[in-house]
Amino acid sequence: MVGEETLYLPLSDLAKRIQAKKLSPVELTESYLARCEKLNTRFNAYAKLVPDFALEQARKAEKEIHGGHYRGPLHGMPYAAKDLLSVNGFPTTWGAKPFANQSFQTDATVIDHLNRAGAILLGKAAMIELAGGMGYRFASASLTGPAKNPWNPEYWTCGSSSGSGAIMAAGLAAFAIGTETWGSIVCPSGFCGVSGLRPTYGRVSRFGAMALSYSMDKIGPICRTAEDCARVFAVIAGHDPKDRSTLPLDRAAFTYSPATEPRKGPLRLGRLVNAWRTLEPAVAKCLAEAERVLRKRFPGLKDAALPEGPFEAAGNLIISVEGASAFGDLIRSGRVADLTDPLGQIGGYVNETISASDYVTALRVRENLQKKMEDLFDSFDVLVTASMPMAACKLDTNLETGLDFPDPLGGIGNLCGLPALAVPCGFNEIGLPVGLQFIARAGNDLAVIQVARAYQQLTRWHLRHPKIG
């Protein structure tokens, strides 16, 4: 069996060993599966493991590699997919009791891309029911129970991609796929001390993925490093005729090389001064140190401010209306009462009362915001701030009160479909991770990858992992 330290290696390092035939995809897969069998129930990380399927894929990958057909850095690489992505023949529960027995006879486009790259599916990552589409108050709002933070199991992993965060922090896969409508890649990455990329809206196909908000849902990787995120993103990005919301081919596709440099001189970084109203002292300290480190590579770092407006309200309203449409059958059938969370059981009915006029007004607010953000990005290439104003919260926290703080950047970033990359930047006084995030203009995913990678070349926070007995 492969040792724990190897299982925590960045994907890029594992890929070099696999390509050089110094690491067996079968042995790596068996080792991850053994670790999953041992630890999964401790953290509620996976909704379902698929060991037979994984080993079949691993044997195929190993045979191809030893035969001289190496497909690229994801070939032979074990991963987890959030349980809202359809995989032919396996349950896709959306984390919700009403869909506990649901399955599809097609692969999501993201799964298809990963299959073509030779990646190995270990299982479906646990998630918040319906990705929080009906609202939820507690981390327990999931078919599999609350995802527990491997840094301290009394704490949560955050967001609807809660299982994906736990999987990466616990060393249960080489990478994971998450989704974000509002915070569900950035927040789990921050709470779990890993790296997560929220791509530009429309660069990754959502065919075969559960719909929550048609105009805000995004699919992206959660990995060990920024470079790993880039490697996975290069495989899953691209135009898809099955998903009309994907961008045209020349704007959707992504290629990556670590040698890639900015086309027009040094990147201009902006330190956001109004992303959060207050920061926990430990978060403020970590952020200040991260900014000091960034100035070594980007000495022109300057203060920047987000535009002010009703952007959180507009984002929440759009998600509510589009979620009510996406889950209309569930709401009107009454099966919404089978959801775990009390707020989720009633939220859909409330959302159906929002008027078309209010929805159109929110869309107009979005259009105005997009113009304001374009103006801001005329002065800055990348904005930087904390991933969250706090470290992880306890599992029993009432999220309506315990995580009740303004989040203008979450609203702005997701309303405008902006790329963001979250990375670890330290720990609080009780050993929980603190996250840092980088945000860029829509379409400029490469910029956040470049800055995050530069930061990780100067720090070692991404190499830390919890000690799990």
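Attention here is on the structure that accompanies the text. Quick caveat, the model's predicted, so the values are computed rather than measured. (Residues numbered from 1 in each chain as written. Predicted model: local features only at pLDDT ≥ 70, side-chain atom pairs only at ≥ 80, totals over all residues. Heavy atoms only, no water.)

Another point: the pattern of salt bridges. Tallied over the full model, the rule gives 18 salt bridges. Put simply, Asp381 and Arg268 hold a salt bridge, and the shortest N to O gap is 3.1 Å. Of the two residues, Asp381 sits in the loop between helix 14 (356–376) and strand 11 (382–386) while Arg268 sits in the loop between helix 9 (249–252) and strand 9 (269–272), which places them 113 residues apart along the sequence. Using a relative accessible area of 17% as the deciding quantity, one classes Asp381 as buried. As a salt-bridge pair, Arg292 and Glu289 come within 2.5 Å of each other at their nearest N and O atoms. Remark: Glu289 and Arg292 occur in helix 10 (residues 281–297); sequence separation between them is three residues, near one turn of the helix. Of the residues examined, Arg292 reaches a relative accessible area of 44% and is grouped as partly exposed. For Glu289, a relative accessible area of 35% puts it in the partly exposed group. Put simply, Glu227, Arg231 and Arg453 are held in one network by salt bridges that share partners. (Salt bridge = Lys/Arg side-chain N within 4 Å of Asp/Glu carboxyl O. Helix = DSSP H or I, 4+ residues; strand = E, 2+ residues; numbered from the N terminus. Buried < 20%, exposed > 50% of the residue type's maximum accessible area, 1.4 Å probe, protein only.)

So, about the side chain of Arg366. Position of Arg366 among the secondary structure elements: in helix 14. Buried charge without a salt bridge: Arg366, with Glu322 as the nearest opposite-charge side chain at an N-O distance of 5.3 Å. A polar contact is formed between the side chain of Arg366 and the backbone oxygen of Leu415, at a distance of 3.0 Å. Not counting the four nearest positions on each side in its chain, Arg366 is found in contact with Ser215, Met216, Ile318 and Leu415. (Lys, Arg positive; Asp, Glu negative; His and termini not counted. Polar contact = N/O pair within 3.5 Å; in protein donor to acceptor, adjacent residues only side chain to side chain. Contact = heavy atoms within 4.5 Å.)

Phe175 and Phe438 are the most contacted members of the largest nonpolar core, which has 162 residues in total. Not counting residues up to four positions away in its chain, the partners in contact with Phe175 are Leu11, Leu74, Met77, Pro78, Tyr79, Ala80, Leu114, Ala119, Met168, Ile222, Cys223 and Val232. (Core = buried A, V, L, I, M, F, W, Y, C linked by side-chain atoms within 4.5 Å.)

Attention now goes to the state of the cysteines. Among covalent bonds in proteins, the disulfide is the one between the sulfur atoms of two cysteines. For the structure shown, the criterion picks out one disulfide. At a sulfur-sulfur separation of 1.8 Å, the disulfide partner of Cys158 is Cys187. Here the disulfide of Cys158 and Cys187 is right-handed, its torsion about the S-S bond being about 100 degrees. One end of the pair, Cys158, is in the loop between strand 5 (152–156) and helix 6 (162–169); the other, Cys187, is in helix 7 (residues 186–192), and 29 residues separate them in sequence. (Disulfide = S-S within 2.5 Å.)

Below, the discussion takes up the sheet that holds strand 12 (residues 420–427). Taken together, the eleven strands give an open sheet; going across it, the order is 1-3-2-6-8-7-12-13-11-9-10, and neighbouring strands pair in mixed fashion. Each end of this open sheet is capped by a strand with a single partner; those strands are strand 1 (46–49) and strand 10 (302–304). This sheet shows a mean twist of 30 degrees between the axes of neighbouring strands, independent of strand direction. Across two bridges, strand 7 (residues 195–198) lies against strand 8 (residues 218–223) in antiparallel orientation. When the sheet's bridge partners are listed, Gly196 is paired in strand 8 with Ile222. (Pairing = 2+ DSSP bridges. Axes fitted to C-alpha atoms, helices over the stretch in contact; angles between N-to-C directions.)

Scanning the model with the defined rule gives eleven aromatic pairs in all. Judged by centre distance (6.4 Å) and plane angle (65 degrees), the rings of Trp94 and Phe327 are edge-to-face. Here Phe327 lies in the loop between helix 11 (311–326) and helix 12 (328–333) and Trp94 lies in the loop between strand 2 (78–82) and helix 5 (109–116), a separation of 233 residues in the sequence. What makes Phe327 buried here is its relative accessible area of 3%. (Phe/Tyr/Trp six-rings, centres within 6.5 Å; stacked < 30°, edge-to-face > 60°.)

We now examine the side chain of Asp240. Structurally, Asp240 can be placed in the loop between helix 8 (226–236) and helix 9. Of the buried charged residues, Asp240 lacks a salt bridge, with Lys242 as the closest side chain of opposite charge at 5.8 Å. Only 2.6 Å separates the side chain of Asp240 from the side chain of Ser205, close enough to count as a polar contact. For Asp240, the residues in contact, after removing those within four places along its chain, are Thr109, Ser205, Phe207 and Thr246.

We now examine unusual backbone geometry. We note that Leu130 has phi near 55 degrees; this positive angle belongs to a residue other than glycine. Of note, Leu130 is situated in the loop between strand 3 (120–125) and strand 4 (148–149). Note on Leu130: relative accessible area 0%, which makes it buried. One non-glycine residue, Ala131, adopts positive backbone phi at about 55 degrees. We classify Ala131 as buried; its relative accessible area is 15%.

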